Amino acid sequence: MKSILLVLSLFISLSVHASDQDVLLNNYTHVYDLSQHKGQTFLAFMKETVKPALDEVATEGYQIADGETINAVYEYVDEKIQKNVQRNGGIEAVMEIAEGLQGETVTLNDLPQKIAALNRSVDRYDLSTFLGLASGGGVAVQFYKNNYAYNVHYDTTEQKSGRSFSVGTTRPANDVSYKVYLDDLDQYTRHQDVDNLPQFYKAILESLLDSNPKNYAKVTDFGQTVLSDFLAVYMAEQARNLMDGRVTTHWDAALLEVTLLASFHAGQEEFKLYYQNPADGETTFTGTVLEQARCAIPSKDRKATMRDYWQFSRRVDDTKNCGRSGVNITKNEFRKLGAEITQYMKTNHPEYVEEVVSAMGLDADVENLYQELSEFIISSKAKDSLGPKAYKISAAWVNFLEQVTASAEDITTELSE
């Protein structure tokens, strides 16, 4: 009897989760299942499917949902988003705005003005994003059951546009920032699920190399949420990457390389990375960093974490751009670490390097495998389909990263000398 009740309880729990998800998902015209695009790279999926759909919504617009639907979405989304609504008059004020715009076709560019015409006391841009999320103002992509990304308000050419929201097994829709993602990646890889890392990386690599997310099933619940956050942010950066008609390694490559470097930090009691001190410009391999400050030189020391791959602009005197931030700002530092790990592995565990080199068809004198991988899959010359090669590359990389984790303390000792 107890086992029957347990199964029934689990069924009800999953049903409620699915029902809550539908509150948001049903508002989207453009909904895609990543697994249905198996056989092409993630970049090809973005180029052929996601980016055209985002452009269509940006130019033709979408209809604002009714107040009841907006309220249902508000009840579903993460607390972070709810607090943003509360700062703008609360859900009642937002519902009233939605009722005033219900059924009207809007775009990301004219919605803020329409909101202001109804209520000038709210932040028109913040609420524009929320109404866009709730009304289907973009593209929804399912990675795996209970794991989605919602890509909202991307312009056709403006690379600063757009927001991506992630849904994971352990959390409803949330606006994922780099800081949130890196903090959760730190928790997952260094403190919670170190033994699950190979499955996590296999799921990432097979998703990027062949649009095949089936290995989600072998990732822990929290790991699935972190994985969906990665893919949601990666989609955002690839959408922006595609806006100028060409593809080069940029923010998407930075996100991928830093995520792979987490295997080096995993399991180590002390976290060390290459860090450029904003005060003196010196780069050292260290476990101590400065607490970040927007448009200012920081001064307070603290222990380093994965978050420190994200930084504010170092051009603190540039009032127009000093507030910008991201992982690509630390490119010189994480690329240096990637090169050092590659050289260590070539010297001490050459069989793992050779396996990756063979699978990817690289030259034997490769200097930085991490950079080679991002350039391999994020390029105008990248193939749209890799076939069985995708799985050879994934398997080789998972083996390589496992050995990096096993050798991490020795690598750290060598780099600290």
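Our structure is the block above this text.
1. What to know about the overall build of the chain
Along the chain, the regular secondary structure elements total 15 helices and 13 strands. The globule rule puts the C-alpha radius of gyration for 417 residues at 22 Å, and the 22 Å found for the chain is close to it. For the chain, the spread of C-alpha atoms along the three principal axes comes to 65 × 60 × 50 Å. Evaluated residue by residue, the chain yields a buried proportion of 55% over its 417 residues. Long-range pairs, those at least 24 residues apart, make up 66% of the contacts in the chain with a sequence separation of at least 6. Accessible area for the chain stands at about 18100 Å²; split by element, carbon and sulfur atoms hold 46% of it. The centroid of the 39 positive side-chain charges in the chain is displaced by 2 Å from the centroid of its 60 negative side-chain charges.

2. Considerations on the environment of histidine 191
Mapping histidine 191 onto the fold places it in helix H8 (residues 178–192). Separated by 132 residues in sequence, histidine 191 and threonine 59 place their C-alpha atoms 45 Å apart.

3. A word on the layout of surface pockets
Estimated volume of the largest pocket: approximately 1400 Å³. Taken together, 40 residues form the lining of the largest pocket, with Lys160, Ser161, Gly162, Arg163 and Arg240 sitting closest to its centre. Looking at the lining of the largest pocket, the elements with two or more residues in it are helix H6 (111–118), helix H7 (124–135), strand S6 (163–168), H8, helix H10 (221–241) and helix H11 (251–265). The element that contributes the greatest number of residues to the lining of the largest pocket is H10, accounting for five residues. Split into classes, the residues belonging to the lining of the largest pocket amount to 10 nonpolar, 16 polar and 14 charged.

4. Notes on the nonpolar core
What tends to happen in soluble globular proteins is that the nonpolar side chains get buried as a cluster. The biggest cluster of nonpolar side chains holds 99 residues, and the ones touching the most others in it are Phe200, Tyr309, Trp397 and Phe400. Ranked by size, the runner-up nonpolar core spans 35 residues in total, among them Ala65, Val73, Phe165 and Ala173.

5. Focus on the state of the cysteines
What makes a disulfide is a covalent bond joining the sulfur atoms belonging to two cysteines. Scanning the entire structure with this criterion turns up one disulfide. Through a disulfide, cysteine 295 is tied to cysteine 322; the S-S separation comes to 2.0 Å. On the S-S bond that ties cysteine 295 to cysteine 322, the torsion sits near 90°, and the link is right-handed. Taken together, the residues cysteine 295 in the loop between strand S10 (288–290) and strand S11 (301–303) and cysteine 322 in the loop between strand S12 (311–312) and strand S13 (325–326) connect sequence positions 27 residues apart. With a relative accessible area of 4%, cysteine 322 lands in the buried category.

6. What to know about empty space enclosed by the protein
For the coordinates displayed, the defined rule picks out two cavities of 30 Å³ or more. Considered as a void within the structure, the largest cavity measures approximately 120 Å³ in volume. Taken together, 13 residues line the largest cavity, and the ones lying closest to its centre are Pro278, Gln311, Phe312, Ser313 and Arg314. Residue assignment for the lining of the largest cavity shows that the elements contributing at least two residues are strand S8 (273–276) and S12. A class-by-class count of the residues in the lining of the largest cavity yields eight nonpolar, four polar and one charged. Within this model, the second largest cavity holds a volume of roughly 40 Å³. Surrounding the second largest cavity, Leu54, Val57, Ala58, Tyr62, Leu108, Gly137, Gly138, His153 and Tyr154 form its lining. The element best represented in the lining of the second largest cavity is helix H2 (residues 42–60), accounting for three residues. Here the lining of the second largest cavity is built from residues that sort into six nonpolar, three polar and no charged.

7. Description of the sheet that holds strand S5 (residues 147–152)
Pairing is mixed across the open sheet formed by five strands, whose spatial order is S1-S4-S5-S6-S7. Since the sheet does not close on itself, it has two edges, and those belong to strand S1 (30–33) and strand S7 (171–175), each with one partner. Each neighbouring strand pair of the sheet contributes to a mean axis angle of 15°, computed without reference to strand direction. With six bridges joining them, strand S4 (residues 138–144) and S5 adopt antiparallel strand pairing. Its bridge partner lying in S5, alanine 140 is registered against tyrosine 150. Strand contacts of H2: S1, S4 and S5, with the helix running at about 145° to S4, the strand carrying the most contacts. Contacting S5 and S6, H7 runs over the sheet at an angle of about 130° to S5.

8. Some remarks on the packing of helix H13 (residues 350–360) against helix H14 (residues 369–377)
Where H13 meets H14, the axes come as close as 12 Å, and the angle between the chain directions of the two elements is 20°. Comparing their axes, H14 and H13 come out roughly parallel. Between H13 and H14 lies a crossing whose hand is left-handed. Across the interface between the two elements, Val353, Val356, Val357 and Met360 from H13 touch Leu369, Glu372, Leu373 and Phe376 from H14. For the contact of H13 with H14, the class distribution of residues is seven nonpolar, no polar and one charged.

9. Some remarks on the packing of aromatic side chains
Inspection of every chain in the model, using the stated rule, returns 15 aromatic pairs. Centroid distance tyrosine 28 to tyrosine 150: 5.0 Å. Interplanar angle 55°. Geometry classified as tilted. One end of the pair, tyrosine 28, is in the loop between helix H1 (2–25) and S1; the other, tyrosine 150, is in strand S5, with 122 residues separating them in the sequence. Exposure remark for tyrosine 28: the relative accessible area of 6% places this residue in the buried category. Take tyrosine 150: its relative accessible area is 0%, and that puts it in the buried class. Ring plane angle 65° and centroid distance 6.1 Å describe the contact between tyrosine 370 and phenylalanine 400, whose orientation is recorded as edge-to-face. Separated by 30 residues along the polypeptide, tyrosine 370 in helix H14 and phenylalanine 400 in helix H15 (residues 389–416) bring together distant segments of the chain. Summarising the burial analysis for this pair, tyrosine 370 and phenylalanine 400 share the class buried.

Cut-offs applied
- Residues numbered from 1 in each chain as written.
- Predicted model: local features only at pLDDT ≥ 70, side-chain atom pairs only at ≥ 80, totals over all residues.
- Heavy atoms only, no water.
- Helix = DSSP H or I, 4+ residues; strand = E, 2+ residues; numbered from the N terminus.
- Rg over C-alpha atoms; globule rule 2.2 N^0.38 Å.
- Buried < 20%, exposed > 50% of the residue type's maximum accessible area, 1.4 Å probe, protein only.
- Contact = heavy atoms within 4.5 Å.
- Areas by Shrake-Rupley, 256 points an atom, 1.4 Å probe, with all protein chains shown as cover.
- Lys, Arg positive; Asp, Glu negative; His and termini not counted.
- Charge placed at Lys NZ, Arg CZ, Asp CG, Glu CD.
- 1 Å grid on protein atoms, 1.4 Å probe; cavity = no way out; pocket = protein on both sides within 12 Å on 5 of 7 lines; lining within 4 Å.
- Points joined across faces, edges and corners; volume = space filled by probe spheres on them.
- Nonpolar A, V, L, I, M, F, W, Y, C, P; charged D, E, K, R; others polar.
- Core = buried A, V, L, I, M, F, W, Y, C linked by side-chain atoms within 4.5 Å.
- Disulfide = S-S within 2.5 Å.
- Pairing = 2+ DSSP bridges.
- Axes fitted to C-alpha atoms, helices over the stretch in contact; angles between N-to-C directions.
- Parallel < 35°, antiparallel > 145°, perpendicular 65-115°, else oblique.
- Left-handed = near helix turned anticlockwise from the far one by under 90°.
- Phe/Tyr/Trp six-rings, centres within 6.5 Å; stacked < 30°, edge-to-face > 60°.

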